[in-house]
Amino acid sequence: MRFHLPLLARVFHERWRGLAGWVTGLVSLVAVQVAVYPTIRDSREGWSDLTEQFPEAIRKIIRMEDYTSPAGYLTTELFSFMFPLIFTGVACSWAARAGAEEEENGTADILLSLPVSRGSILFTRLVAVFVALAGVCVAGIASLAVGTRSVDMDVGTAGIAAATVSCALLGTVFASASLVAAAWTGRRGVGLGTGLGLAVVLFVAYSLAPLVGFFDRILALNPYQWTIGQSPLADGIDPALALVALLTITVLCVVAQAGFSRRDIRA
Amino acid sequence: MVSAPAIRTCSLTKWYGRSLGVDSVSFEVQPGETVGFLGPNGSGKTTVMRMLMGLISPSTGNAEIFGADVATSRSSVRAAIGYLPGTLGLYGTMTARQYFLFLGRMRRADCMARAEALSDRLALDTGARINDMSKGTRQKVGVVQAFMHSPRVLVLDEPTSGLDPLVQHEFDSILHEACAEGAAVLLSSHVLAEVERLAQRVAILDAGRLVAFDDVANLPGRASRMVTLEFEGPADPTHLAGVPGFRLLSCSGHQVTGTVTGSQRPMLEAALRGGLVTVTSPERPLDELFRGLVGRGGTRS
């Protein structure tokens, strides 16, 4: 598959400000959460009493275990919700643009009249999504590595990297769904809605799995379970489940390519 | 071996749901030839051109560039084509120069020298941001990008839309030069005079059907056109009585209106003797042309 560096450069030329906004948001969130941790650590007993008073159902839903330990704190505050939310937001937004932006802006007619295949255009735009996510990943890992050290949180960088990459992998699964919808319809809104809608529905199913039998039985099919459900901060990435996520992403990207390569482009 | 035409469509048909957008359109454009693609809005000109570019697939039939089916051939078949879409979408945050550079890199061809030369001829400031340009200036960017790689085939959808007369004149020169170098041109317009000026043959679409494909010289109504003659003093149609090819329609004040068939010279000589000041000949509407086609046996659905 041919890759077009000029197209990748153009995408980043257009969108680096938006990406910088996401990265700033993520780093600020990390800074705030890490800065608050010493207060939690210093009043460990009080927090333990407080969190133990939470209803069992709530504790299960937010997978709250040992909130005052560094790993427990980061898992609850960042890796269970906010990081997956940010990565899913970035990934779906970029993927929906990848599949439909040129067509909606009316720039597809000239771009697709060039002697390059549609497949290579979508492939390049897909690479842009991965590069953007990799950038957010690096920012997340670096800010957490620096932040946790500065407040003496006992968390390994490998664990931080595994948890952050798991969130990125989760976002990429939903981004692939966005890409399919955008590439088949040529509409960015449809792409974004599909990815984010799927993310919300599956998050509800994942969160309620400890309480609802049906959701628990289908938990093995839930991308949240493949990624952040495996305690990557403590245990690292589960290679088999990561492979399942990667295969799902690959299949969805192939489906997106099939739609984009064949369908009529709107004027 | 006979070489394939630069552009050929064979029974090209496009259905949109249950409505027929383009109905079995077949025509050819040879190298070095300009074919004018005429038709009112919504007649299917743009649909045919977008099928030629592979942007939409025909429901039946096919479109070929130098004998290669655009729907099934490799994308490299488009290297030979310069395309100007009817609805021009450009990267607004780029300058024209950045845009040409981007397109050249995507084509893996160095065409910046020609892009700059074409921009100079069209008085286009390539350092300006496309978002800050007027509609006419953006159209110049569209024209330059279509010609900048010296394509052997040009597919131009209403290329002079928004261009002022001076720039249109320069565009005509650029087009004639491309044809002289062997380029095949398919140029759509809904202005009859433009097609008469630029094309050797004309394909006329109406409601998705090709109602005529002929030399421009054989266009119905071409031989006869309306003229209004204005005289210094009160108009006296007797000066024009018996002038070959002239038919008087009305006479009032200083003006005489009529139609002239064939050479206008006898009419002009007679009118000059009568104190002619100005001659005007209004743009013939396409409807008149279509009436002529229906009169010749063409049909409108």
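Residues numbered from 1 in each chain as written. Chains lettered and ligands numbered in written order. Predicted model: local features only at pLDDT ≥ 70, side-chain atom pairs only at ≥ 80, totals over all residues.

**Remarks on the overall build of chain A**
Stage number 1. Counting its regular elements, chain A contains 13 helices and zero strands.
Stage number 2. Secondary structure elements in chain A, listed N-terminal to C-terminal, are α-α-α-α-α-α-α-α-α-α-α-α-α.
Stage number 3. In terms of overall dimensions, chain A is globule-like: its C-alpha atoms have a radius of gyration of 20 Å, near the 18 Å expected for 267 residues.
Stage number 4. Taking all 267 residues of chain A together, 45% fall into the buried category. (Helix = DSSP H or I, 4+ residues; strand = E, 2+ residues; numbered from the N terminus. Rg over C-alpha atoms; globule rule 2.2 N^0.38 Å. Buried ≥ 20, exposed ≤ 12 C-beta atoms within 10 Å, placed from the backbone.)

**Points about the domain arrangement of chain B**
Stage number 1. When cut into domains, chain B gives domain 1 (7-91 + 138-218) and domain 2 (224-283).
Stage number 2. Computed over C-alpha atoms only, the centres of domain 1 of chain B and domain 2 of chain B are separated by 38 Å. (Domains from an automatic or database assignment.)

**As for the packing of helix α7 (residues 118-150) of chain A against helix α8 (residues 157-185) of chain A**
The axes of two packed helices give the description: the angle between them and the distance between them.
All names here are of chain A.
Stage number 1. Contact geometry of α7 with α8 gives a least axis separation of 10 Å together with a crossing angle of 155°. When the axes of α7 and α8 are compared, the pair comes out roughly antiparallel. Relative to α8, α7 is oriented so that their crossing is right-handed. In contact with Leu122, Val129, Leu133, Cys137, Gly140, Ile141, Leu144 and Ala145 of α7, α8 contributes Thr157, Ile160, Ala161, Thr164, Val165, Ala168, Gly171, Thr172, Ala175 and Ala183.
Stage number 2. Looking at the contact of α7 with α8 residue by residue, the class counts come to 13 nonpolar, five polar and no charged. (Axes fitted to C-alpha atoms, helices over the stretch in contact; angles between N-to-C directions. Parallel < 35°, antiparallel > 145°, perpendicular 65-115°, else oblique. Left-handed = near helix turned anticlockwise from the far one by under 90°. Contact = placed C-beta atoms within 7 Å. Nonpolar A, V, L, I, M, F, W, Y, C, P; charged D, E, K, R; others polar.)

**Some points on the packing of helix α1 (residues 5-42) of chain A against helix α2 (residues 96-107) of chain B**
Stage number 1. Two numbers describe how α1(A) lies on α2(B): the axes approach to 8 Å, and their chain directions differ by 145°. Facing A:Pro6, A:Leu7 and A:Arg10 of α1(A), the residues of α2(B) in contact are B:Phe102, B:Arg105 and B:Met106.
Stage number 2. Residue composition of the contact of α1(A) with α2(B), grouped by class: four nonpolar, no polar and two charged.

**Some thoughts on the sheet that holds strand β1 (residues 7-16) of chain B**
Residue and element names in this part refer to chain B.
Stage number 1. Pairing within the open sheet is antiparallel, and its four strands lie in the order β2-β1-β4-β5. Unpaired on one side and paired on the other, β2 (19-29) and β5 (68-69) mark the two borders of the sheet.
Stage number 2. Examined bridge by bridge, β1 and strand β4 (residues 60-65) share five bridges and lie antiparallel to one another. The residue of β4 that forms the bridge with Arg8 is Glu64.
Stage number 3. In the packing of helix α1 (residues 45-52) onto the sheet, contacts are made with β1, β2 and β4, and the angle to β1 comes to roughly 115°. (Pairing = 2+ DSSP bridges.)

**Details of the environment of A:Leu170**
Residues and elements named next belong to chain A.
Stage number 1. The topology assignment puts Leu170 in helix α8.
Stage number 2. You can call Leu170 buried: it has 26 C-beta atoms within 10 Å.
Stage number 3. When the C-alpha positions of Leu170 and Thr157 are compared, they lie 20 Å apart, and in sequence the two are 13 residues distant.
Stage number 4. Non-local contacts of Leu170, meaning those with residues more than four positions away in its chain, are made with Pro84, Phe87, Thr88, Pro223, Tyr224, Thr227 and Ile228.

**Examining the environment of B:Met51**
Residues and elements named next belong to chain B.
Stage number 1. In this structure, Met51 sits in helix α1.
Stage number 2. For the pair formed by Met51 and Arg265, sequence separation is 214 residues and the distance between their alpha carbons is 45 Å.
Stage number 3. The contacts of Met51, once residues within four sequence positions are left out, are Leu12, Lys14, Ile56, Pro58 and Ala63.

**What about the sheet that holds strand β11 (residues 224-231) of chain B?**
Residue and element names in this part refer to chain B.
Stage number 1. Ordered by their spatial adjacency, four strands build an open sheet running β12-β13-β11-β14, and the pairing between neighbours is antiparallel. Two strands in the sheet have a free side with no partner beyond their single neighbour: β12 (246-252) and β14 (276-280). The sheet shows a mean angle of 25° between the axes of neighbouring strands, direction not considered.
Stage number 2. Inspection of the sheet shows β11 paired to strand β13 (residues 255-261) by seven bridges, in the antiparallel sense. Each residue of the ladder has a partner; that of Leu229, found in β13, is Val256.

**Description of helix α13 (residues 239-262) of chain A**
Residue and element names in this part refer to chain A.
Stage number 1. Counted at 1.5 Å a residue, the expected span for α13 with its 24 residues is 34 Å, and the 35 Å between its end C-alpha atoms agrees.
Stage number 2. Within the sequence span of α13, burial applies to Ala245, Ile249, Leu252, Cys253, Ala256 and Phe260.
Stage number 3. Close packing links the buried residues of α13 with α5 (82-105), α7, α8 and α11 (223-226). (Expected span 1.5 Å × (residues − 1).)

**So, the interface of chain B and chain A**
Stage number 1. Between chain B and chain A, the contact holds 24 residues from the first and 19 residues from the second.
Stage number 2. Tallying contributions element by element places α2(B) first for the side of chain B that touches chain A, with five residues.
Stage number 3. Taken together, the residues that form the side of chain B that touches chain A break down as twelve nonpolar, eight polar and four charged.

**Quick look at the confidence of the model for chain B**
Residues and elements named next belong to chain B.
Stage number 1. The predicted model of chain B has a mean per-residue pLDDT of 89, with 92% of residues at 70 or higher.
Stage number 2. Here residues 294-301 scores under 50 on pLDDT; set against residues more than four positions off or in separate chains, the count is eleven contacts.
Stage number 3. Two numbers describe this predicted complex: its pTM, 0.86, and its ipTM, 0.88. (pLDDT = per-residue confidence, 0-100.)

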